Amino acid sequence: MKKVVHLLTNNESSALSRILGVLSKRQCQVESLSVTSDVFKPHFSNVTLVTDVRSEEEASLLIKQLDKLIDVVEVKDLSIKGGVARELALVKVVSPSDIRSEIISLAEPFRASIIDVSRDALTFELTGKSEKIDAFIELVKPYGIKEVSRTGAVAFIRNDKEDSSSKEYSLTSN
């Protein structure tokens, strides 16, 4: 089963190495890993990790081990708490001029934007859940895919009554 985990870590070079060490020891396959500096806390990093675990018990142990790491400030299992996760993909599709409009019409329901046009290919940009991107790729596969580049998931927890921390991050001035 897939687990989406968000970690807030100290912005140290050793933090990611320690996180990957825990995953390696537990023999967890990393499906996606995204790391970025926290906009509101410059000395911290946000890590979004998508991994495949065999059971809820294994997931619980993994979360506990990650939470014990010295550089990890906070761990949230977004699969349980209802997180929002999105992925970005660039997909270059073979598109001779005689079927170009057909391919474009296939992309419209996915809200895929054309970001590059060449003589024999169209490059689409789309964002959404991994399943949406997988579906688009499967749909255009018969036309021929030249290249695919995906970011992996970025995620955070949805705002709820328990999570009032977002108040301290207001970007608007009062």
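Here, every reference points to the structure presented above.
My aim in this report is to walk through the structure given alongside it, one point at a time. (Residues numbered from 1 in each chain as written. Predicted model: local features only at pLDDT ≥ 70, side-chain atom pairs only at ≥ 80, totals over all residues. Heavy atoms only, no water.)

**Remarks on the packing of aromatic side chains**
Under the convention used in this document: Put simply, two rings from Phe, Tyr or Trp (the six-membered ring, in Trp's case) pair if the centres are within 6.5 Å, and we call them stacked under 30 degrees between planes, edge-to-face over 60, tilted for the rest. By the criteria applied, helices consist of DSSP H or I runs no shorter than four residues and strands consist of E runs no shorter than two, each listed in order from the N terminus. Relative accessibility thresholds used throughout: buried, under 20% of the residue-type maximum; exposed, over 50%; partly exposed, between the two (1.4 Å probe, protein chains only).
Counted according to the given criterion, the structure contains two aromatic pairs. When the centroid spacing of 5.3 Å and the interplanar angle of 70 degrees are considered together, the rings of F110 and F136 count as edge-to-face. Placement of F110 in the loop between helix 4 (100-107) and strand 6 (113-117) and of F136 in helix 5 (residues 130-140) is noted, with a sequence separation of 26 residues between them. Under the relative-accessibility criterion, F136 is labelled buried at 0%. Look at F124 and F136: their rings are 5.6 Å apart centre to centre, the planes differ by 70 degrees, and that puts the pair in the edge-to-face class. Of the two residues, F124 sits in strand 7 (residues 121-128) while F136 sits in helix 5, which places them 12 residues apart along the sequence.

**Focus on the environment of D116**
Here is the rule: Should any heavy atoms of two residues lie within 4.5 Å, those residues are counted as being in contact.
Here D116 shows up in strand 6. Setting aside anything within four residues of it in sequence, one finds D116 in contact with A121, L122 and T123.

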